[in-house]
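Each chain, written out:
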Amino acid sequence: RDRSPSRGLGDVYKRQAPVKPKVTKVTKRKVVKGKTTAGSTVYVKYRKKIYSKKTNAKGNFTIKTKKMKKGTRITVWAKSKNGIKSKVTKYKVK
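Before going into details, it helps to say that this report is about the structure given with it. The residue count restarts for each chain, going from 1 along the sequence in the order it is written. For a predicted model such as this one, the threshold for reporting local features is a pLDDT of at least 70, and the threshold for listing and counting side-chain atom pairs is 80 or more; totals across whole chains, interfaces and linings nevertheless cover every residue. Each side-chain value is worked out from all heavy atoms of the structure, with water and hydrogens disregarded.

In this scheme, strands are said to pair when DSSP sees at least two bridges between them. Under the scheme used here, helices are H or I runs from DSSP no shorter than 4 residues and strands are E runs no shorter than 2 residues, and both carry numbers assigned from the N terminus. Pairing within the open sheet is antiparallel, and its four strands lie in the order 4-3-6-7. At either margin of the open sheet sits one strand with a lone partner, and together these are strand 4 (49-54) and strand 7 (89-92). Strand-to-strand twist in this sheet, taken as the mean axis angle between neighbours without regard to direction, amounts to 25°. In this structure, strand 3 (residues 41-46) lies alongside strand 6 (residues 73-79), joined through five bridges in antiparallel fashion. Its bridge partner lying in strand 6, Lys45 is registered against Thr75. A fitted line through C-alpha atoms serves as each axis, taken over the contacting stretch for helices, and the angle formed by two N-to-C directions is quoted from 0 to 180°.

What follows is the structure in structure tokens.
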């Protein structure tokens, strides 16, 4: 019988949505950088196109997009391995 303290807690953790992504910066108006839950997939929507990439072990992400116009808004969200979607972040391109 397994009596480890983490027994069963992993299942609860796996069902949680990823942390709302934080956009740290957009470089050259075509590279979106930020942070969210490690192991999740991050999506960036610009106009009608969606770009995606998996986060690294620390939860950082870097997604290349088409060059974006200054002042436009992008929408960023994350999905866990189980398909649970995070809250959406909206970011105005500077």
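A few words on the pairing of strand 6. Each regular strand displays side chains that alternate between the two surfaces of the sheet. One ladder, built from four bridges, connects strand 6 with strand 7; its direction is antiparallel. What sits directly across from Thr75, in strand 7, is Lys90.

Patches here: salt-bridge-free residues with over 30% relative accessible area, like charges joined within 9 Å, nonpolar side chains (Val, Leu, Ile, Met, Phe, Trp, Tyr) joined within 5 Å. Here the accessible surface of atoms and residues is derived via Shrake-Rupley with a 1.4 Å probe, and residues count as covered only by protein chains that are part of the display. What makes a salt bridge here is a side-chain nitrogen of Lys or Arg within 4 Å of a carboxyl oxygen of Asp or Glu, nothing more. In summary, the charge assignment counts Lys and Arg as positive and Asp and Glu as negative, without counting His or the chain termini. The location of each charge is read from NZ of Lys, CZ of Arg, CG of Asp or CD of Glu. A grouping of Lys28, Lys30, Lys53, Lys64 and Lys67 is seen on the molecular surface, where their side chains present a positively charged patch. Among the secondary structure elements, Lys67 is positioned in the loop between strand 5 (60-64) and strand 6. With relative accessibility at 56%, the residue Lys67 sits in the exposed group. Exposure categories follow from relative accessible area, calculated using a 1.4 Å probe and restricted to protein chains: below 20% of the type maximum is buried, above 50% is exposed, and the middle band is partly exposed.

Another aspect to go through is unusual backbone geometry. If a residue is not glycine, its phi is most likely negative; likewise, a peptide bond is most likely trans. In this structure, Lys28 takes a positive phi of about 50° despite not being glycine. Along the chain, Lys28 turns up in the loop between strand 1 (22-27) and strand 2 (31-35). Here Lys28 falls in the exposed class, since its relative accessible area comes to 69%. At Arg47, a position not held by glycine, the phi torsion is positive, near 60°. Secondary-structure assignment places Arg47 in the loop between strand 3 and strand 4. Owing to a relative accessible area of 53%, Arg47 belongs among the exposed residues under this scheme.

It is worth spelling out the packing of aromatic side chains at this point. Two rings from Phe, Tyr or Trp (for Trp, the six-membered ring) form a pair when their centres are within 6.5 Å of each other. A pair whose planes differ by under 30 degrees is stacked, one over 60 is edge-to-face, and the rest are tilted. Enumeration according to the criterion identifies one aromatic pair in this entry. Consider the rings of Tyr43 and Trp77, whose centres lie 5.6 Å apart with planes at 15°: the pair is stacked. With a gap of 34 residues between them, Tyr43 in strand 3 and Trp77 in strand 6 connect regions that are remote in the sequence. Here the guanidinium or amino end of Lys79 rests over the ring plane of Tyr43, the centre of that ring lying 6.0 Å away. Two limits define a charge over a ring: the Lys NZ or Arg CZ must be within 6 Å of the ring centre, and within 35 degrees of the ring normal.

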